[in-house]
Amino acid sequence: MRSKFCCCCWHFRLLQTSNISPNIVFSQGVMEAIRISCAGYPTRRTFLEFIDRFGILAPDVLTGSSDEITAVRRLLEKVDLQGYQVGKTKVFLRSGQMAELDARRNEVLGRSANLIQRKVRSFLAKKSFIALRRSAVQIQTVCRGELARRVYQGLRREAASLKIQTRYRMHNARKAYTELSASALTIQSSLRGMAARKEIHFRRQTRAAIIIQTRCRQFLARLDYSRTRKAAITTQCFWRGKVARKELRKLKLAARETGALQAAKNKLEKQVEELTWRLQLEKRMRADLEESKSQENAKLQAALQEVQQQYKETKDTLVKEREAAKKVAEIAPVIKEVPVIDTELMNKLRDENDKLKTLVSSLEKKIDDTEKKYDETNKISEERLKKAMDAESKIDDLNMAMLRLQEKISNMETDEKVQRQALLSTPVRSMSEHLSIPIVPKNLENGYHEAEEPKEPQSAPPALKDYGNGDPKLKKSSAEKQQENVDALIDCVAKNLGYCEGKPVAAFTIYKCLLHWKSFEAEKTSVFDRLIQLIGSAIENEEDNDNLAYWLSNTSSLLFLLQRSLKAAGAPGTVSRKKPPQPTSLFGRMAQGLRSASFANMHVEATDVVRQVEAKYPALLFKQQLTAYVEKIYGIIRDNIKKELSSLISLCIQAPRTMKASMLRISGRSSGQTQSNHWQKIIENLDILLKILQDNHVPPVLAQKIFTQIFSYINVQLFNSLLLRRECCSFSNGEYVKAGLAELELWCAKATSEYAASSWDEIRHIRQAVGFLVIFQKFRISYDEIVHDLCPILSVQQLYRICTQYWDDKYNTQSVSSDVLSNMRVLMTEDSNNAESSSFLLDDNSSIPFSVEDITNAIQEKDFSDVKPAEELLENPAFQFLQD
């Protein structure tokens, strides 16, 4: 182009010198240049147009990641075209080459059209053949069915005729048999009646004689027995009184010993409190000493550094003065005895140096003294800690001894009550027996009647015999047996017992044992502390979600059972009801029995599983601790999932960058697939969590809350990063995030509302923001449409942030109009005084979104009716009550 312009200028200058008109000559030169250029390369196309039109001739050229020029050259080489030229932005072809390329392109398109026609014709033929075959098969099935029905009708008639014949023969045989049996029964009944009447007459005679004999023998035996019984009762009363007085003395001595032990316990508790107070004081003093020591060390180090700096400065000044004196002496050698060094200054410096040395030595001594004092205080504190630990162990031992003594005292009191009742009841019983003794005759095999002889009275109750003769070292106390049972329960529950009928076996077993042992009604017990320690040690590994879900299911189920059964003392539900009066008649008792049976059948599900109990303080405290552990385990599982998803969410917020050229779209798809894998990993993590919760039978209400908070966390992270990063607020990024949210929606539908519930609604902020990003022609949308229809949940600050940061990297369209932005600014200035409206970022909610009532309302008592306790405990004879 530059050479053509120069040539035109030269022609114009020639025209100015000559007399020829310039218009004629200039038009002839331009036409000549155009003719020459058309004769050389008449066809010119840009690279993109050339590749889009003739890329069909060589598709393998476009698969690589090369630029446009190399792709065009490779395409022309592949076609084997000669005489072309490749410029900076266009391809230059000679005349006829474009027609040749179009002909080749038409051939490729023709071959593909023939192939498509062939496939379509084959499809239509196959379709007609399948329809013909289906109709033939249907005709064959109809014919075969008609033949089979006819055969079946004939077989049915034969079977009916056989049945009629058998029933008729059976009727005739039964009629003959009934007539024969009736005649035989009449004959037998008449013969047996005659023999029975003879037997009854004989028995009446013998019975009258036997009754006369028994009355006489009974009178004689009663006289003898009444005399011997009086003597035995008097001797037993004296002996039992003597034994009871001895036992009462022993009980008084034991009570005095328990009082002394109680006083010793109180003293030890006071000593422990004093030791703990002293320990706290020593810890505080130790901390103060360490702080003062560190401050003094810092001051001393600063003083030492200052002294060292002064010493170095004085040393440098002395060296400089000596060097200056030497130079002066060399310059003026004639002058002698010139004072080079100031003696007074040297003396002052020596004195200051000595003072500093003494100060340093004194500081070092102080440091050594403080270190020694620190070591001594450490030793004293360690000794006191050891003493405190020993005292605590002694206190624990004393507490255990006190509990054992209290149990022994309670056992002794119960034994004493039994003895007193026995002593009070025996004389009354003897007098009643002496006044009226019931006589119950017994029928013997030989026909004689015998009066039931009263049993001999026992010399002493069994409780007194066992207490007086038994060895306490050989027999275990009830407290030790209870402790062994608790240890067996803890060892069993510490294992993974699994589930039965979708409910945890461990929680059900614990509840049944506590209910049977009456631990909820006890004022003091260590079972609850043992269970809390077991749960705390089981969840120490906070990274094992499977173990955490197992214990979440057990603790929540146990909490449900406690919530349904425990009631505080004095609650309105614990009022005792009066029993109805017992009916006296036979029909009244039968009616009451039927009513009680029907009532038991109606309420069998509730009474078999849960029973109302008046709970004491330890049981209520255990319920509170169990609630705290449920909330803790829930929070750990939720935070673990948030940690796993946080890195993936940061990678999912920005879409992959796409290439501008259409030939490199395939390479761009591969990078897009790598980015979409992050969304797949998020869904895989959600699937793993859902499977863990389902396998461990976690209550659905807790699973719903977990997924709701996880989706809320995803919404907060994606929406905040969209507002803070401008590169994320683009059209292509909106399409990418929208595709990922569609996958999350599919997951919610797959998980069903039982577990997902309202999780999809928690990401409404990012859904509305992404939906706004992918809308075409935003400049035509008004402010009311944005606020009321498109993004009703977003605030004005959030919408203004999105509208100002938006940029279209795909179609290069504009954002919203200036009028919409001005309306947003006006509303933002009006709301600037409000602190809540000025913040445009979302906050993550990490609270516990459920209560105990939510768990109890989600679970039903009948779900535990078919649950079986742990099989390991059923083998233990102490846990036989679990089978009932």
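Reading the values: rules and limits
- Throughout, a residue's number is its position along its own chain's written sequence, starting from 1.
- Local features in this predicted model are restricted to residues whose pLDDT is 70 or higher, and side-chain atom pairs enter the listing and the counts only when it is 80 or higher, whereas totals over whole chains, interfaces and linings include all residues.
- Water and hydrogen atoms were dropped before computing side-chain values, which therefore reflect all heavy atoms in the structure.
- Where helices and strands are cited, they refer to DSSP runs of H or I of at least four residues and of E of at least two residues respectively, numbered from the N terminus.
- Buried residues are those whose accessible area, probed at 1.4 Å on protein chains only, stays under 20% of the maximum for their type, while exposed residues exceed 50% and partly exposed ones sit between those limits.
- Any pair of residues with heavy atoms lying within 4.5 Å of one another is described as a contacting pair.
- Exposure was quantified through the Shrake-Rupley algorithm and a 1.4 Å probe, taking into account, for residues, occlusion by the shown protein chains and nothing else.
- The span expected for a helix works out to 1.5 Å for each residue beyond the first.
- In protein, a polar contact requires one atom able to donate a hydrogen and another able to accept it; more generally it is a pair of N or O atoms within 3.5 Å, and residues adjacent in sequence count only if both atoms are side-chain atoms.
- Put simply, a salt bridge is a Lys or Arg side-chain nitrogen that is within 4 Å of an Asp or Glu carboxyl oxygen.
- A residue's pLDDT is the confidence the predictor assigns to it, expressed on a 0 to 100 scale.
- Only when DSSP finds a minimum of two bridges between them are two strands counted as paired.
- What we call the bend at a residue is the angle made by axes fitted to the seven residues finishing there and the seven residues starting there.
- Lines fitted to C-alpha atoms define the axes, with helix axes restricted to the stretch in contact, and inter-axis angles between N-to-C directions lie between 0 and 180 degrees.
- Angles are sorted into four bins: roughly parallel if under 35 degrees, roughly antiparallel if over 145, roughly perpendicular if 65 to 115, and oblique for all others.
- Gly falls in the polar group here, along with every residue not listed as nonpolar (Ala, Val, Leu, Ile, Met, Phe, Trp, Tyr, Cys, Pro) or charged (Asp, Glu, Lys, Arg).
- Classification of ring pairs uses Phe, Tyr and Trp, with its six-membered ring standing for Trp, and accepts pairs whose centres are within 6.5 Å; under 30 degrees between planes counts as stacked, over 60 as edge-to-face, and the remaining range as tilted.
- As a reminder, the over-ring test applies to NZ of lysine and CZ of arginine, requiring each to be within 6 Å of the ring centre and within 35 degrees of the ring normal.

Asks: Summarise the overall build of the protein chain; cite the residues concerned and give the values.
Replies: Along the protein chain, the regular secondary structure elements total 24 helices and nine strands. The proportion of buried residues among the 884 residues of the protein chain is 28%. The long-range fraction of contacts in the protein chain, counting pairs at least 24 apart against all pairs at least 6 apart in sequence, stands at 79%. Counting only carbon and sulfur atoms, one obtains 56% of the accessible surface of the protein chain, whose full area is about 60700 Å².

Asks: Lay out helix H17 (residues 731-755) with the relevant residues and their values.
Replies: For H17, built from 25 residues, the straight-helix expectation of 36 Å at 1.5 Å per residue is met to within 8% by its first-to-last C-alpha distance of 33 Å. For H17, the side-chain oxygen to backbone nitrogen distance between the N-cap and Asn 733 is 3.3 Å, and the N-cap itself is Ser 730. Phi turns positive one or two residues past the end of H17, at Ala 757, with a value near 55 degrees.

Asks: Please give an account of the pattern of salt bridges that cites residues and values.
Replies: With the rule as written, the count across this model stands at 13 salt bridges. Ionic pairing is found between Lys 642 and Asp 844, a salt bridge with its closest N-O pair at 3.1 Å. Taken together, the residues span a long stretch of sequence, with Lys 642 in helix H14 (residues 617-652) and Asp 844 in the loop between helix H22 (835-838) and helix H23 (852-858) at a distance of 202 residues. Overall, the relative accessible area of 7% leaves Lys 642 in the buried class. Among the ionic pairs, Lys 810 bridges to Glu 735, the shortest N-O distance being 3.3 Å. Of this pair, Lys 810 sits in the loop between helix H20 (796-805) and helix H21 (818-830) while Glu 735 sits in helix H17, placing them 75 residues apart in sequence. When its relative accessible area of 46% is taken as the criterion, Lys 810 is described as partly exposed.

Asks: Give a detailed account of the environment of Leu 651, specifying residues and quantitative values.
Replies: On the secondary structure map, Leu 651 appears in helix H14. Distance from Leu 651 to His 678, taken between C-alpha atoms, is 6.9 Å for residues 27 residues apart in sequence.

Asks: Run through the confidence of the model for the protein chain, naming residues and quoting values.
Replies: Caution is warranted with low-pLDDT regions, since their predicted coordinates should not be read in detail. For the protein chain, per-residue confidence averages 76 on the pLDDT scale, and 76% of positions sit at 70 or higher. Predicted confidence is poor over residues 571-607, with pLDDT under 50, and the contacts of this stretch with residues over four places away or in other chains come to 11 contacts.

Asks: A description of the pairing of strand S3 (residues 90-93) should follow, citing residues and the corresponding values.
Replies: Going residue by residue along S3, you find Val 91 and Leu 93 tucked away on one face and Lys 90 and Phe 92 left uncovered on the opposite face. When strand S1 (residues 43-46) meets S3, the two strands line up antiparallel, connected through four bridges. When the sheet's bridge partners are listed, Arg 45 is paired in S3 with Val 91. If you look at the hairpin formed by strand S2 (residues 85-86) and S3, you'll find three residues sitting between the two strands.

Asks: Before we move on, could you go through H14 and cite the residues and values that matter?
Replies: Helix length check: H14 (36 residues) gives 52 Å between terminal C-alpha atoms against 52 Å at 1.5 Å per residue, within 8%. Roughly 35 degrees is the biggest bend found in H14, and it falls at Leu 645.

Asks: Any details on the sheet that holds S2? Residues and values, ideally.
Replies: The three strands lie next to each other as S1-S3-S2, forming an open sheet whose pairing is antiparallel. Two strands lie at the open edges of the sheet, namely S1 and S2, each paired on one side alone. Looking at chain direction, S2 and S3 are connected through two bridges and run antiparallel. Looking at S3, one finds that Gln 85 is bridged to Phe 92.

Asks: Can you lay out the environment of Gln 814 for me, pointing to particular residues and giving the numbers?
Replies: Looking at where Gln 814 falls in the secondary structure, it is placed in the loop between H20 and H21. A relative accessible area of 56% places Gln 814 in the exposed class. For the pair Gln 814 and Cys 803, spaced 11 residues apart in sequence, the C-alpha separation works out to 10.0 Å.

Asks: Pulling in residues and values, what's your account of the packing of helix H10 (residues 527-538) against H14?
Replies: One can describe the packing of H10 onto H14 by two numbers: an axis separation of 10 Å at closest approach and a directional angle of 10 degrees. By the angle class used here, H10 and H14 are roughly parallel. Taken together, the residues of H14 that come into contact with H10 (itself represented by Phe 528, Leu 531, Ile 532, Ile 535 and Gly 536) are Pro 618, Ala 619, Phe 622, Gln 625, Leu 626 and Tyr 629. Across the contact of H10 with H14, the residue classes tally to nine nonpolar, two polar and no charged.

Asks: Describe the environment of Lys 691, naming the residues involved and giving the relevant values.
Replies: Within the element layout of this structure, Lys 691 appears in helix H15 (residues 665-695). The exposure class of Lys 691 is exposed, given its relative accessible area of 53%. Sequence spacing of Lys 691 and Asp 546 is 145 residues, and the spatial spacing of their C-alpha atoms is 9.7 Å.

Asks: I'd love a proper account of the packing of aromatic side chains, names of residues and values included.
Replies: Applying the stated criterion across every chain yields a total of 15 aromatic pairs. Each ring, one from Tyr 499 and one from Tyr 550, has its centre 6.1 Å from the other, and the planes form 75 degrees; the classification is edge-to-face. One end of the pair, Tyr 499, is in strand S6 (residues 499-500); the other, Tyr 550, is in helix H11 (residues 545-565), and 51 residues separate them in sequence. Residue classification places Tyr 499 among the partly exposed residues on the basis of a relative accessible area of 24%. Residue Tyr 550 is classed as buried on the basis of its relative accessible area of 3%. Look at Phe 520 and Phe 528: their rings are 6.2 Å apart centre to centre, the planes differ by 15 degrees, and that puts the pair in the stacked class. The same class applies to Phe 520 and to Phe 528, which are both buried. In this structure an aromatic cluster arises from ring pairing among Tyr 511, Phe 520, Phe 528 and Phe 622. Here Lys 778 stacks its cationic end above the ring of Phe 772, 6.0 Å away from the centre of that ring.

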